[in-house]
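# Descriptive structure summary
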Amino acid sequence: MITIMEQSSDRMLAVRATGKLTDLDYSDIWIPALEKIIAEYGRADALLFMEPDFQGWEPRALWDDARFGLAHRKEFRKLAVVGGPAWVRWGVKLGELLMDCEVKLYPTEKLDQALEWGSS
């Protein structure tokens, strides 16, 4: 499940991921919020905070993530990924090669630092 964090700002979308992410998380929350930022500012900053109970993506949600990210790779300015299991961190490192933005990984205890970086 994705929920928008109160630390989000005009240009930065910060979300909290718990459990397993679904297609509805992307179609109802993540993608519309990012599209709004991109429409208003041209480029978006995004932060994904994975809680300890994060279990990954359903196949359709993983496809939504990859498709949207690739289609809009030039419309991201910064992407911060906080927490998550090692396999996710490896995936982010591989995905970084396809993105045209700054990407940073943070351990869970550095959430405040990631939020500061994402909103600067």
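Residues numbered from 1 in each chain as written. Predicted model: local features only at pLDDT ≥ 70, side-chain atom pairs only at ≥ 80, totals over all residues. Heavy atoms only, no water.

The helix and strand tally for the protein stands at four helices and seven strands. From first element to last, N terminus to C terminus, the protein shows the α and β order β-β-β-α-β-β-α-β-α-β-α. Relative to its length of 120 residues, the protein is compact, with a C-alpha radius of gyration of 13 Å against a globular reference of 14 Å. The buried share of the protein, taken over its 120 residues, is 42%. Contacts spanning at least 24 positions in sequence make up 73% of the contacts within the protein whose residues lie at least 6 apart. With 15 positive and 20 negative side-chain charges, the protein shows a separation of 6 Å between the mean positions of the two kinds. (Helix = DSSP H or I, 4+ residues; strand = E, 2+ residues; numbered from the N terminus. Rg over C-alpha atoms; globule rule 2.2 N^0.38 Å. Buried < 20%, exposed > 50% of the residue type's maximum accessible area, 1.4 Å probe, protein only. Contact = heavy atoms within 4.5 Å. Lys, Arg positive; Asp, Glu negative; His and termini not counted. Charge placed at Lys NZ, Arg CZ, Asp CG, Glu CD.)

By the element assignment, Tyr106 lies in strand S7 (residues 102-106). Each C-alpha atom, one on Tyr106 and one on Arg60, is 26 Å from the other, the two residues being 46 residues apart in sequence. Those residues in contact with Tyr106, other than ones at most four positions away along the chain, are Ala80, Val81, Val82, Gly83, Arg89, Gln113, Ala114 and Trp117.

Across the seven residues of strand S4 (residues 44-50), seven count as buried, placing the element largely inside the fold. Residues Ala44, Ala46, Leu48 and Met50 point to one face of S4 and Asp45, Leu47 and Phe49 to the other, with burial holding for every one of them. As judged from the six bridges shared by strand S2 (residues 12-17) and S4, these two strands associate in the parallel manner. Within the sheet, the bridge partner assigned to Met12 lies in S4 and is Asp45. (Pairing = 2+ DSSP bridges.)

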